[in-house]
Amino acid sequence: MENIALIESFSEFKDNKSIDRVTLMSILEEVFRAALKRRFGSDENFDIIINPDKGDLEIWRNRVVVADGFSEDDNEEIELAEARRIEPDFEIGEDVSEEVKLIDLGRRAILALRQNLISKIHEHDSTNIFKQFKDLEGEIYSAEVHHIRHNAVILLDDEGNEIVLPKSEQIRSDFFRKGDSVRGVIKTVELRGNKPAIILSRTSPAFLVKLFEQEIPEVFDGLITIEGVARIPGDKAKIAVDSYDDRIDPVGACVGVKGSRIHGIVRELGNENIDVINYTKNEQLFVSRALSPAKVTSVDIKLYEEEKNGKKGRVNVLLKPEEVSKAIGRAGVNIRLASELTGYEIDVQREGLEEEDVELTEFSDEIEAWVIAEFNKIGLDTAKSVLEKDVSMLVQRTDLEEETILDVQRILREEFED
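Structure report, in brief. Residue numbers restart at each chain and count upward from 1, following the sequence in its written direction. In keeping with the model being predicted, local features are shown solely for residues with a pLDDT of at least 70 and side-chain atom pairs are shown and tallied solely at 80 or more, while totals for entire chains, interfaces and linings include all residues. In computing side-chain properties, one takes all heavy atoms of the structure into account and sets aside hydrogens as well as water.

## Describing the pairing of strand 9 (residues 195-201)
Of all seven residues in strand 9, six are buried, a share of seventy percent or more. Of the strand pairs in this sheet, strand 8 (residues 181-192) and strand 9 are connected by seven bridges, and their pairing is antiparallel. Residue pairing for strand 9: I186 is matched across the bridge by L200. Counting the residues in the hairpin turn of strand 8 and strand 9 gives two residues, including G193, whose phi is positive at 70°. Partly exposed residues are those whose accessible area sits between 20% and 50% of the maximum for their type, while under 20% is buried and over 50% is exposed, using a 1.4 Å probe and protein chains only. Numbering of helices and strands starts at the N terminus; helices are DSSP runs of H or I of at least 4 residues and strands are runs of E of at least 2. If DSSP finds at least two bridges between two strands, the strands pair.

Set out below in structure tokens:
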């Protein structure tokens, strides 16, 4: 009876876990064989018969009858006198099968056996969850807010699986309450110990791509392809689209009448401003389109021999003075995204640059390269362009301290005074 009682307590896992009968039997046998090996030194001569549906368990030990006093291995051999206590007509050389009760293993061994079974069941369950979500990496997934921590939101899906949305993967304007449904892409799935760690992201460019696939039928059907994405999550994004069918306007199809198609995506991303751009293999034209809403006068591309910092070349873009601020964008966002989308370093230059103006690179002996680079990021590449700007505005738009900016302006001013 003790065998049956123990198996009945084990079989609860079959109802509570998504585990099939064959797998459960395999795990049960593995656990029992490990216990037998610890107790008797070997499990090879044991037969284990399990029926988890009925709660039946039988363990039989098979031994060979040897003459009294000639047993070398008590686990595999049984002396004649002992064998005849089981069945009086046994003879030397015959096989004896004797049932082993779990209680013979000892109470401590039984407790260890149960703990081992629990561990194996959880390990199996975790492996299945890991495989399930590993196949979903890069796909959109929805789950409900379970509780909120200072550095992450913990979500639960319909099957009770825990999914983590770290603070770093949240859009700046995201605000969640318990019970809210949250969408994102499965970014990574890892096994930490025996537990799967499922990370959701709402900041990944892949999330924007998947939203386009979900919301725009032509993208889902493959009539429109997405050729590139650049995002500053919650702020602005640029996405390049193309179509192999000349009858389809890829930008118009993605945006919809008065923005009707893209509106749901913008709302999902916290009112992220999305520029949809016509992709082209003409690199000069692509750079020009990527800098929209600015109108570019000319584009001069110089390719690197080898990629530098993930960029394949440098582009000098000439614009009319009134277009420069549009190309750069607020805090340099537009030019940064255009650079990321096209894969080029982009330098903005004004048309009609006065001869007496001097490029910042001419001051490299007095001004550190990284400081000049900070000004270049927001489209300021000449001495006068820096001198014309208010110090407080430069502090806000660059990563430079006020003291550094004042020192730079002093150096530039002295050049013109000379």
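This is not the end of the story, as more comes after the structure.
## Some details on the environment of I301
Within the secondary structure layout, I301 lies in strand 13 (residues 296-308). With relative accessibility at 22%, the residue I301 sits in the partly exposed group. Each C-alpha atom, one on I301 and one on E340, is 15 Å from the other, the two residues being 39 residues apart in sequence. Throughout, a contact is declared for two residues whenever any of their heavy atoms are within 4.5 Å. Those residues in contact with I301, other than ones at most four positions away along the chain, are E283, Q284, R314, V315 and Y344.

## Thoughts on the sheet that holds strand 14 (residues 311-319)
Pairing in this open sheet of three strands is mixed, and the strands run 13-14-15 from one edge to the other. This sheet does not close on itself; its edge strands, each paired only once, are strand 13 and strand 15 (344-350). Mean inter-strand twist for the sheet, computed between neighbouring axes without regard to direction, equals 15°. Summarising the sheet, strand 14 and strand 15 pair through seven bridges and their orientation is parallel. Note that in strand 15 the partner of N316 across the bridge is D347. All axes here are fitted lines through C-alpha atoms, helices being fitted over the stretch that makes contact, and every angle between N-to-C directions spans 0 to 180 degrees.

These values are about where atoms sit, not about what they do.
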